[in-house]
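Spelled out, the chains give:
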Amino acid sequence: MSMEDMIPLLWQGLLETLQMTIPATAFSYLIGMPLGILLVVTRKDHIMPNPRLNAVLGTIVNFLRSIPFIILLAMLFPVTRIVMGRAIGTSAIIFPLIISAFPYVARMTEGALIEVDRGIIEAAQSMGSTNGQIVFKVLIPEAMPSLINGAAISMVNILGYTAMASAAGGGGLGSIAIIKGINIRKLDVMYAASILLVFLVQTITVTGTGVSKKIDHRKR
Amino acid sequence: MALEKKVPLIAIRNLSKTYQGTDGEIKALDDVTLEVREKEIYGIVGMSGAGKSTLIRCMNRLDTPSGGDVLYKGQSILNMNQNDLIATRRKVSMIFQQFNLFMQRTVGKNVRYPLELSGVPAKEAEERVRELLKIVDLEDKINAYPSQLSGGQKQRVAIARALANSPEVLLCDEATSALDPMTTQSILSLLQDINQRLGITIVIITHEMAVIRQICTRVAILDGGRVAEEGPVDEVFMHTRSDAGRRLFGILPETPDEDPGVPALRIVFDGAAREKPVIANLIKESGVLVNILSANMKHLGGKMYGQMLIETPEDEQAKLLVTQYLSKQGLTVKEVNEK
């Protein structure tokens, strides 16, 4: 394929990939982060112990996480049609992406928040903090470096899932690599799209790690 | 007309706490009753595992006891609803062995945290933070992060933070145990200063008798979850009645000491020796050359505590001279391995 044809194609693909990845990540956090917070605070030795709720939420998260994305995508077609207005296409796929990613985000958030030292939480309690104040003024700020790291990892994960969008008529770099590259044997397009994906993943990871390190004041 | 009885600031009533351990129940606290009076520095001392940490943590309900009650100004904190508990915790603040500072907040923002909780306006809070950092002598560290501070400085920040909401009580959970002796001294004098200048009641948990001796007015000795002894510090020091107390003062060995193998005299120092140096004077006065077999002594507040084993003089007359001299000094002498 000539350069003149390839550049607009890849540009289009890049935009579509971002159109799927960014909103999917944002909405996954909107659902996954509160869920992750609940998974931490309802533990039996945490600030709002509720083992039963914790077990129920944990089971839901594990269940959703164990379904492979490509299968979830197909399973969700009817629901996606209702929620997004249509079941296939670049924008429709955001819904299954969210459903697949939010449990992952919840676990990521849980992992980051559980690292906050018990002593610090007790100090906050001893000063007369409400549970809400502990979550928003202590847990989240103290865990911010690992939360940022987790966000970068989650985003890379979602980016990986978008490559499967072609299975539901979606676009993006992944689709280009699969449809143009493998199905109609334009290997140069496949490599170009893949390199771009690698570049995107690198950018996200490096940025995440960099920001995380920069805002962490634990060791200097 | 009935006399109005003064309500103690903190009253612990028949407090007990049992944990479910791997080998059955563990009694951390067993029927503990004590009172902390206004504006005093109350010490609670005990070996590790004596239950003292559990006890202080029950005073602000960080731990929930299994039985008994904790009254703050006559009000049970165990029956309080969440709102009242939060309000009480702002008046009964706490510092910890591990400082527990917010690592992602600067020193200034750490001290500011309690003010944020109670909704103090920004400008007022800023002034208060400076004022508090001045009390603990860390004004120049306002923009530093805890990870850049030494242990002593961290504890000073923790103290400033604990004072932010003008509490009435400061609970100190092994607050100097992670610090070196020099730093411990400076933290103790800071606490004393806070007690005297701001009139804040202080409760101190420690395993170090020297801490109690230095700043506390009254003390409770905790042993196996029970109060072994309680009273004004001087009194408890001078006339220790409990084994736990004697162990803590180093008067009783923690393990029964070894048999010297020969006839010996055990001299017990309980801080009452009138003259020093006792043994040198003994030799001078009695003319008997005594042979020291072993000694385990501690100096506390200029007084001698501990015990010493000396070989019993062969000569009966010499033995009599020695025991008489020692008794005259106010020391207890016991014979070991009588001939």
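Owing to the predicted nature of the structure, the values given are computational and were not obtained by experimental measurement. (Residues numbered from 1 in each chain as written. Chains lettered and ligands numbered in written order. Predicted model: local features only at pLDDT ≥ 70, side-chain atom pairs only at ≥ 80, totals over all residues. Heavy atoms only, no water.)

**Points about the interface of chain B and chain A**
The interface of chain B with chain A comprises 24 residues on the first partner and 24 residues on the second. When the two sides are added together, the surface that chain B and chain A hide from each other amounts to roughly 2100 Å², 54% of it contributed by carbon and sulfur. Scanning the region where chain B abuts chain A turns up 13 residue pairs in polar contact (both at pLDDT 80 or more). Sorting the residues of the side of chain B that touches chain A by element identifies α2 (82–89), β6 (92–96) and α3 (107–117) of chain B as the ones contributing at least two each. Partitioning the side of chain B that touches chain A into residue classes produces twelve nonpolar, six polar and six charged. (Contact = heavy atoms within 4.5 Å. Buried area = accessible area lost by both parts, 1.4 Å probe. Polar contact = N/O pair within 3.5 Å; in protein donor to acceptor, adjacent residues only side chain to side chain. Helix = DSSP H or I, 4+ residues; strand = E, 2+ residues; numbered from the N terminus. Nonpolar A, V, L, I, M, F, W, Y, C, P; charged D, E, K, R; others polar.)

**Here we look at the packing of helix α1 (residues 3–41) of chain A against helix α5 (residues 94–114) of chain A**
Residues and elements named next belong to chain A. It is at 6 Å that the axes of α1 and α5 come closest, and there the two elements cross at 45°. Put simply, α1 runs oblique to α5. When you trace α1 past α5, the crossing you get is right-handed. Within the contact of α1 with α5, the residues separate by chemical class into 20 nonpolar, five polar and two charged. (Axes fitted to C-alpha atoms, helices over the stretch in contact; angles between N-to-C directions. Parallel < 35°, antiparallel > 145°, perpendicular 65-115°, else oblique. Left-handed = near helix turned anticlockwise from the far one by under 90°.)

**Looking at the sheet that holds strand β2 (residues 24–36) of chain B**
All names here are of chain B. Taking strand neighbours across the sheet as the criterion, the four strands line up as β2-β1-β4-β5 in an open arrangement whose pairing is antiparallel. Edge positions in the sheet fall to β2 and β5 (75–76), since each of these pairs with one other strand and no more. For strand β1 (residues 10–21) and strand β4 (residues 67–72), the ladder comprises five bridges, and the chain directions are antiparallel. Within the sheet, the bridge partner assigned to A11 lies in β4 and is L71. (Pairing = 2+ DSSP bridges.)

**A word on α2 of chain B**
Listed in full, the buried residues belonging to α2 of chain B are L85, I86, T88 and R89 of chain B. For α2 of chain B, the buried positions fall inside an angular range of 160° around the axis, keeping them on one side. (Buried < 20%, exposed > 50% of the residue type's maximum accessible area, 1.4 Å probe, protein only. Arc of directions from axis to C-beta.)

**As for the environment of T22 of chain B**
All names here are of chain B. Looking at the secondary structure, you find T22 in the loop between β1 and β2. Looking at T22, the relative accessible area reads 82%, which means it is exposed. Once the C-alpha coordinates of T22 and L101 are considered, the two residues, 79 residues apart in sequence, prove to be 32 Å apart.

**Quick notes on the nonpolar core**
One finds I10, I12, L55, M59 and V203 of chain B to be the most contacted residues of the largest nonpolar core, which totals 55 residues. Per-element accounting of this core gives the leading share, seven residues, to helix α7 (residues 131–162) of chain A. Excluding anything up to four places from it in sequence, L55 of chain B contacts I12, L15, L29, V32, L34, I44 and L222 of chain B. Membership of the second largest hydrophobic core comes to 49 residues, among which are F99, V107, L133 and I221 of chain B. (Core = buried A, V, L, I, M, F, W, Y, C linked by side-chain atoms within 4.5 Å.)

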